[in-house]
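Secondary and tertiary structure notes
The residues making up each chain are set out below.
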Amino acid sequence: MATGRTDPQRRERILAATLDHIAEEGVAGVSHRKIAVRADVPLGSMTYHFDGIDDLLREAFTRFADHIVAVFELYLGRAETPEQAREAVTDLIHVLSEGPRRELVLTQELYTLAARRDEYRELTHAWMNRSRRLLEQHFDPDTARTLDALIEGLALHRALDTEPQDRELTRLAVLRMTPGLS
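Keep in mind the model is a prediction, meaning the values are calculated, not measured.

Attention shifts here to the nonpolar core. By size, the foremost hydrophobic cluster in this structure holds 50 residues, and its most contacted members are Phe72, Val89 and Leu135. Every element with two or more residues in this core is listed here: helix 1 (10-25), helix 2 (32-39), helix 4 (53-77), helix 5 (82-98), helix 6 (101-116), helix 7 (118-135) and helix 8 (141-160). Examining the composition of this core, we find that 12 residues originate from one element, helix 4, more than from any other. Filtering out sequence-adjacent residues up to four positions away, valine 89 remains in contact with Leu76, Leu135, Phe139, Leu147, Ile151 and Val174.

The next subject is the layout of surface pockets. By volume, the largest pocket is sized at about 210 Å³. Taken together, 15 residues line the largest pocket, and the ones lying closest to its centre are Leu96, Leu104, Thr107, Glu152 and Ala155. Broken down by secondary-structure element, the contributors of at least two residues to the lining of the largest pocket are helix 4, helix 5, helix 6 and helix 8. Of the residues assigned to the lining of the largest pocket, the class counts are 10 nonpolar, 3 polar and 2 charged.

Attention now goes to the packing of helix 4 against helix 7. In the contact formed by helix 4 and helix 7, the axes pass within 10 Å of each other and the chain directions differ by 10°. As summarised for this structure, helix 4 and helix 7 are arranged roughly parallel, according to the angle between their axes. Classifying every residue of the contact of helix 4 with helix 7 by side-chain character gives 13 nonpolar, 2 polar and 6 charged.

A few words on the packing of aromatic side chains. Taken as a whole, this structure holds 2 aromatic pairs when the rule is applied. Measuring from ring centre to ring centre gives 5.9 Å for phenylalanine 64 and tryptophan 127, while their planes differ by 85°; the resulting arrangement is edge-to-face. With phenylalanine 64 in helix 4 and tryptophan 127 in helix 7, this residue pair connects regions lying 63 residues apart in the sequence. Each member of the pair, phenylalanine 64 together with tryptophan 127, is buried. Put simply, the rings of Phe64, Tyr111 and Trp127 pair up and form one aromatic cluster. Positioned above the aromatic ring of tyrosine 75, the side-chain terminus of arginine 78 is 4.8 Å from the ring centre.

Together, Leu169, Leu172 and Leu175 make up an exposed nonpolar region whose accessible area comes to about 230 Å². Its relative accessible area of 42% is what places leucine 169 among the partly exposed residues.

This paragraph deals with the confidence of the model for the chain. Taken over all residues, the pLDDT of the chain has a mean of 93, while the share at 70 or more is 96%. Within the chain, no element has a lower average pLDDT than helix 3 (residues 44-49), which sits at 93, and none a higher one than helix 4, at 97.

This next bit is on the packing of helix 4 against helix 5. It is at 9 Å that the axes of helix 4 and helix 5 come closest, and there the two elements cross at 145°. Between helix 4 and helix 5 the crossing geometry is right-handed. Counted together, Ile68, Val71, Phe72, Tyr75 and Leu76 of helix 4 and Ala85, Ala88, Val89, Asp91, Leu92, Val95 and Leu96 of helix 5 form the full contact between these two elements. Class assignment for the residues of the contact of helix 4 with helix 5 results in 11 nonpolar, no polar and 1 charged.

Calculation notes
- Residues numbered from 1 in each chain as written.
- Predicted model: local features only at pLDDT ≥ 70, side-chain atom pairs only at ≥ 80, totals over all residues.
- Heavy atoms only, no water.
- Core = buried A, V, L, I, M, F, W, Y, C linked by side-chain atoms within 4.5 Å.
- Buried < 20%, exposed > 50% of the residue type's maximum accessible area, 1.4 Å probe, protein only.
- Helix = DSSP H or I, 4+ residues; strand = E, 2+ residues; numbered from the N terminus.
- Contact = heavy atoms within 4.5 Å.
- 1 Å grid on protein atoms, 1.4 Å probe; cavity = no way out; pocket = protein on both sides within 12 Å on 5 of 7 lines; lining within 4 Å.
- Points joined across faces, edges and corners; volume = space filled by probe spheres on them.
- Nonpolar A, V, L, I, M, F, W, Y, C, P; charged D, E, K, R; others polar.
- Axes fitted to C-alpha atoms, helices over the stretch in contact; angles between N-to-C directions.
- Parallel < 35°, antiparallel > 145°, perpendicular 65-115°, else oblique.
- Phe/Tyr/Trp six-rings, centres within 6.5 Å; stacked < 30°, edge-to-face > 60°.
- Lys NZ or Arg CZ within 6 Å of the ring centre and 35° of its normal.
- Patch = residues over 30% accessible without salt bridge, like charges linked within 9 Å, V, L, I, M, F, W, Y side chains within 5 Å.
- Areas by Shrake-Rupley, 256 points an atom, 1.4 Å probe, with all protein chains shown as cover.
- Salt bridge = Lys/Arg side-chain N within 4 Å of Asp/Glu carboxyl O.
- pLDDT = per-residue confidence, 0-100.
- Left-handed = near helix turned anticlockwise from the far one by under 90°.

Below is the structure:
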């Protein structure tokens, strides 16, 4: 194990190890000891860098939400016309549903925590606000809110379905939600 003086990336490794652990074993299995072993850090590093398990989970899930928002930024940031914005939404649904299963599991683990505990609901609320603001660069606020739900719902359905809908059906769903754009 590296010492703190020669390991400036220790905190980041702990957060990455936490997300890896959650993706493989779920939130219920998170403990300081398990994460320390996975991150290859001394157990004392856990309480040095984080005030407790909730602090660790909030920061790890915030990092994950930042990653997903960056994906939204990448796709929506390239769109210059309404048609390109629709295509970007279609792309997002397919990228998120066809991406690493790890991201699907992490999303669902965070949603489960948010359904049970207000502090995680605040985190998911902030995440949704960020994705909606990106969608609002191309769509009115009500449409952005609905598209955000469509993206999450269709991505989940496509990821879990044994015969996921094809791109044309996704494109049609987006078009139906954005009829007045030209």
